[in-house]
Amino acid sequence: MEDLVIAEPKRPTIPVVGGGEFPVRRVYCIGRNYADHAIEMGHDPDKEPPFFFQKNPENIDTSGEFPYPPKTQDVHYEMEMVVALKSGGRDIAIEDALDHVFGYGLGLDMTRRDLQGEMKKMGRPWEIGKAFERSAPVGPIHPASETGHLDSGRLTLQVNGETRQDGDLNQMIWKVPEMINYLSQYYDIAAGDIIMSGTPAGVGAIQKGDVMKGSVEGLGDFTVAVI
Ligand code: MN
């Protein structure tokens, strides 16, 4: 790489349970994938096709700390299961989709809700509310070869020991194979892509000093301190 005119930016990686690091290429996030969360955000879950946005790979953070971000008064947690892909392609059939999954993990889709709301009102892109520094705290990736594929199981988020989100993966409107199928119709899906699979009801604000603890049945839990 002697032709690079600046130092090569470091590719973000996520530790893998059992050893090694998963390099992140893209971060896709689905919106409103649990009916009760769609309703709490003021939408009708039955009438809407799926939609996705992206965070930047560099927004991934595995430190266990979330610095309260600037230019906001209303930062929300969204506890989600993370799907990590080991391969990809175009127009991936639903029945083949899980062959591309390397593993699963825990993630938080941290959101500057006030900025997201302003952008929505103006019909502008959401990046400023979603794709900011360290906005995707994640835990380690569990290989699917160890856990099997997860289509049900309790997902929870506690803040300071109090349960705020309590859903089940089986409540997803768009299942993991359907998300991979859908994304692969619009993008070239590839190894290193991760999908944040949506959040159940109960999203809310956090403050400096809070401690968030997320869990998914079969994937253990992870803790993120707001600093
Ligand atoms: Mn989300």
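(A) Molecular detail of the coordination of the manganese ion. Each protein donor to the manganese ion is listed here as Glu78 (OE), Glu80 (OE) and Asp109 (OD); together their distances run 2.0 to 2.1 Å. When the donors of the manganese ion are listed by position in the chain, the intervening gaps give E-x1-E-x28-D. The exposure class of Glu78 is buried, given its relative accessible area of 5%. The class for Glu80 is buried, based on a relative accessible area of 0%.

(B) Seen up close, the side chain of Ser184. Within the secondary structure, Ser184 is located in helix α5 (residues 176-186). What makes Ser184 buried here is its relative accessible area of 2%. At 2.9 Å, the side chain of Ser184 forms a polar contact with the backbone oxygen of Asn181. Apart from residues lying up to four places away in sequence, Ser184 is in contact with Gly89, Arg90, Asp91, Ile92 and Ile189.

(C) Structural view of the nonpolar core. Phe66, Met81, Leu108, Met110, Ile206 and Met212 are the most contacted members of the largest nonpolar core, which has 40 residues in total. Listing elements by their share of this core, those giving two or more residues are β3 (27-30), β7 (75-77), β8 (79-85), β9 (101-108), β13 (154-159), α5, β17 (211-216) and β18 (220-226). Apart from the residues lying within four places of it in its own chain, the contact partners of Met110 are Lys55, Phe66, Val75, His76, Tyr77, Gly129, Lys130, Phe132, Ser135, Pro137, Ile206 and Met212. Cys29, Ala84, Ile141 and Ile194 belong to the second largest nonpolar core, which has 16 residues in total.

(D) View of helix α2 (residues 113-122). Arg113, Leu115, Gln116 and Met119 are the residues of α2 that are buried. Taken end-on, α2 shows its buried residues confined to a sector of 160°, consistent with a single buried face. The positive-phi residue at the C-terminal boundary of α2 is Gly123, with phi of around 70°.

(E) Main features of the packing of aromatic side chains. With the rule as written, the count across this model stands at seven aromatic pairs. Taking the centre distance of 5.6 Å and the plane angle of 90° together, the rings of Phe51 and Trp126 count as edge-to-face. One end of the pair, Phe51, is in the loop between α1 (35-40) and β4 (52-55); the other, Trp126, is in the loop between α2 and α3 (127-130), and 75 residues separate them in sequence. The partly exposed category is assigned to Phe51, whose relative accessible area is 24%. Here the aromatic residues Phe51, Phe53 and Trp126 are joined through ring pairs into a cluster of three or more. A cation over a ring is seen here: Lys55 above Phe132, with NZ or CZ 5.9 Å from the ring centre.

(F) Seen up close, the sheet that holds strand β16 (residues 204-205). Pairing is antiparallel across the open sheet formed by three strands, whose spatial order is β10-β7-β16. For this open sheet the edge positions go to β10 (111-112) and β16, each flanked by a neighbour on one side alone. Examined bridge by bridge, β7 and β16 share two bridges and lie antiparallel to one another. When the sheet's bridge partners are listed, Tyr77 is paired in β16 with Gly204.

(G) Structural detail: the pairing of strand β14 (residues 162-168). The sheet contact formed by β13 and β14 spans six bridges and is antiparallel. Paired with Gln158 across the two strands is Thr163, which belongs to β14. Hairpin connection of β13 to β14: two residues between the antiparallel strands, including Asn160 at a positive phi of 50°.

(H) Main features of the sheet that holds β14. Ordered in space as β6-β18-β17-β13-β14, the five strands form an open sheet in which the pairing is mixed. The open sheet terminates on both sides in strands that have one partner only, identified here as β6 (65-66) and β14. As judged from the two bridges shared by β6 and β18, these two strands associate in the parallel manner. By the bridge assignment for β18, Phe66 is matched with Val226.

(I) Focus on the environment of Met196. Its place among the elements puts Met196 in strand β15 (residues 194-196). Met196 sits in the buried class, given a relative accessible area of 0%. Distance from Met196 to Glu80, taken between C-alpha atoms, is 6.1 Å for residues 116 residues apart in sequence. Met196 has contacts with Val27, Tyr28, Cys29, Ile30, Glu80, Met81, Val82, Gly107, Leu108, Asp109 and Ala136, leaving out every residue within four places of it along the chain.

About the criteria used
- Residues numbered from 1 in each chain as written.
- Predicted model: local features only at pLDDT ≥ 70, side-chain atom pairs only at ≥ 80, totals over all residues.
- Heavy atoms only, no water.
- Donors = N, O, S within 2.8 Å, 3.2 Å for Na, K, Ca; no water.
- Buried < 20%, exposed > 50% of the residue type's maximum accessible area, 1.4 Å probe, protein only.
- Helix = DSSP H or I, 4+ residues; strand = E, 2+ residues; numbered from the N terminus.
- Polar contact = N/O pair within 3.5 Å; in protein donor to acceptor, adjacent residues only side chain to side chain.
- Contact = heavy atoms within 4.5 Å.
- Core = buried A, V, L, I, M, F, W, Y, C linked by side-chain atoms within 4.5 Å.
- Arc of directions from axis to C-beta.
- Phe/Tyr/Trp six-rings, centres within 6.5 Å; stacked < 30°, edge-to-face > 60°.
- Lys NZ or Arg CZ within 6 Å of the ring centre and 35° of its normal.
- Pairing = 2+ DSSP bridges.

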